[in-house]
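Listed below, chain by chain, are the residues.
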Amino acid sequence: MPGPSAPTLESVAARAGVSRATAGRVLAGYGRVSPGAREAVLRAASELSYVPNQAARSLVTRRSGSVALVVVEPVERFFSDSYFPLVLSGAQAQLAEREVQLVLVVLSTERERQRFERYARSGHVDGAILVSVHGPDPLPQHLLDAGIPVVMSGRPFEDGSSVPYVSADNTGGARTATRHLIERGCRKVVTVTGPMDMRVGQDRLEGFRDELRAHRRRFSPRLAVVGDFTVAGGRAATEELLARHPDLDGVFAANDLMAAGALQALAAAGVAVPERVRVVGFDDAPLAAAATPPLTTVRQPVVEMGRELARMLLAVVDGAGAVEPVVVRTELVERSTS
């Protein structure tokens, strides 16, 4: 004698007293449903021991149940910079609450970009979180043109972009770092900037420049050397700044990796920190507290920013109207380098 058949979406809907479409939306985790209907569907699914079939669910909802987190950097950068895993951690935690799968994509080459665009256009992801986009990259617009929702980590490079984003207060944080060095008595403050093809690099340089001017100090381009957010880049930039300004006594590095490189350059030159030169970074990455000496830095809540990116993307996927950008506050963490 055959056993009982497995419960179906229709049987869950019937037991909950709702339509099949409503039951599908609740079980997919997408769309607007009244609290009462949601509770009834979840209770019915539990009572019937219903397990959704992903293929069938995709046919009903026209969604894959997956979103991509796309890092537009070489693979080596992804593994060397803790910013990326922390964003990933926050986004993954938020998506897990909605039972949405996260697909990690690292784009290092044009071929990889083209392959990902084909993958996304084929319906394998419902949206994309883009991280570390440089310059006027066409990737966000290509995805939008294909009908794929997009949000960005960091302010878009193009003025007037409509892509929603989550960013730290980079200008304000840079001002805080620069003010701290000045208030500690530094008379010749210099900066190692981030890449100038990214808003984060531009905004942190702007904050440095604005704070100098607020203290009636003249900004000169010679006070800044462009870095690349790596330890090696920070070391090379600091060596150049030391050659230009042997009397420098304050360094603001636009991220902690470059600040670690600055500490290396200063140590190699026999310059004591903080006795002769004070150093401040940005991020409060795990390496900041472990640096020698421990690094004063500007903290941004990277994990929470990852969560907010995921929340924002799911809202767009769910059909929310205009989504406002989110800018989170930063704070100074004082340690031994200043």
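Rules used throughout
Residues numbered from 1 in each chain as written. Predicted model: local features only at pLDDT ≥ 70, side-chain atom pairs only at ≥ 80, totals over all residues. Heavy atoms only, no water. Pairing = 2+ DSSP bridges. Helix = DSSP H or I, 4+ residues; strand = E, 2+ residues; numbered from the N terminus. Axes fitted to C-alpha atoms, helices over the stretch in contact; angles between N-to-C directions. Contact = heavy atoms within 4.5 Å. 1 Å grid on protein atoms, 1.4 Å probe; cavity = no way out; pocket = protein on both sides within 12 Å on 5 of 7 lines; lining within 4 Å. Points joined across faces, edges and corners; volume = space filled by probe spheres on them. Buried < 20%, exposed > 50% of the residue type's maximum accessible area, 1.4 Å probe, protein only. Right-handed = clockwise from strand over helix to strand, strands pointing away. Parallel < 35°, antiparallel > 145°, perpendicular 65-115°, else oblique. Left-handed = near helix turned anticlockwise from the far one by under 90°. Nonpolar A, V, L, I, M, F, W, Y, C, P; charged D, E, K, R; others polar.

Draft legend 1. Representation of the sheet that holds strand S2 (residues 101–106) in the model. Pairing is parallel across the open sheet formed by six strands, whose spatial order is S2-S1-S3-S4-S5-S11. Single-partner strands in this sheet number two, and they are S2 and strand S11 (326–328). This sheet shows a mean twist of 20 degrees between the axes of neighbouring strands, independent of strand direction. In the packing of helix H6 (residues 83–97) onto the sheet, the strands contacted are strand S1 (66–71), S2, strand S3 (128–131) and strand S4 (150–153), and the crossing angle to S1 comes to about 170 degrees.

Draft legend 2. The arrangement of empty space enclosed by the protein in detail. Per the counting criterion, the structure on display carries two cavities of 30 Å³ or more. In this model, the largest cavity occupies a volume close to 360 Å³. Lining the largest cavity are 26 residues, with Tyr83, Ser153, Met198, Val200 and Phe229 sitting closest to its centre. Looking at the lining of the largest cavity, the elements with two or more residues in it are H6, S4, strand S5 (165–168) and helix H10 (199–214).

Draft legend 3. Region of interest: the pairing of S3. Alternating residues of S3 divide into Ala128 and Leu130 and Ile129 and Val131, and every residue in both groups is buried. With four bridges connecting them, S1 and S3 associate as parallel partners. Note on S3: the bridge partner recorded for Val71 is Val131. Of the strand pairs in this sheet, S3 and S4 are connected by four bridges, and their pairing is parallel. Looking across to S4, one finds that Ile129 is bridged to Val151. One crossover worth recording links S3 to the parallel S4 by way of helix H8 (residues 139–145), and it is right-handed.

Draft legend 4. Inspection of unusual backbone geometry at higher detail. For the bond from Val273 to Pro274, the omega torsion is 10 degrees, close enough to zero to count as cis. Inspection of the secondary structure assignment puts Pro274 in the loop between helix H12 (256–268) and strand S9 (278–283). The omega torsion across Thr292 and Pro293 is -5 degrees, close enough to zero to call that bond cis. Among the secondary structure elements, Pro293 is positioned in the loop between helix H13 (286–290) and strand S10 (296–299). The residue Arg216 is not glycine, and still its phi comes out positive at about 60 degrees.

Draft legend 5. Highlighting the environment of Glu308. Structurally, Glu308 is set in helix H14 (residues 302–317). Between the C-alpha atoms of Glu308 and Tyr119, which are 189 residues apart in sequence, the distance is 25 Å. When residues no more than four places from it in sequence are discounted, the contact partners of Glu308 are Val166 and Val326.

Draft legend 6. Structural context of the packing of H6 against H14. The N-to-C vectors of H6 and H14 enclose an angle of 45 degrees; their axes lie 7 Å apart at closest approach. As judged from the angle between their axes, H6 and H14 are oblique. The interaxial crossing formed by H6 with H14 has right-handed handedness. Contacts from Tyr83, Leu86, Val87, Gly90, Ala91, Ala93, Gln94, Leu95 and Glu97 of H6 reach H14 at Val302, Val303, Met305, Gly306, Arg307, Leu309, Ala310, Arg311 and Leu314. Across the contact of H6 with H14, the residue classes tally to twelve nonpolar, three polar and three charged.

Draft legend 7. Structural detail: the sheet that holds S10. One open sheet holds the six strands; their spatial order is S7-S6-S8-S9-S10-S12, and the pairing between them is mixed. Strands at the two margins of the open sheet, each flanked by one partner only, are strand S7 (224–226) and strand S12 (331–333). Ignoring strand direction, the axes of neighbouring strands in this sheet form an average angle of 20 degrees. Bridge count between strand S8 (residues 250–253) and S9: three bridges; the pairing is parallel. Residue pairing for S9: Val251 is matched across the bridge by Val279. In this fold helix H9 (residues 170–183) packs onto strand S6 (189–193), S8, S9, S10 and S12, with an angle of close to 165 degrees to the strand it touches most, S9. Contacting S6, S7, S8 and S9, H10 runs over the sheet at an angle of about 170 degrees to S6.

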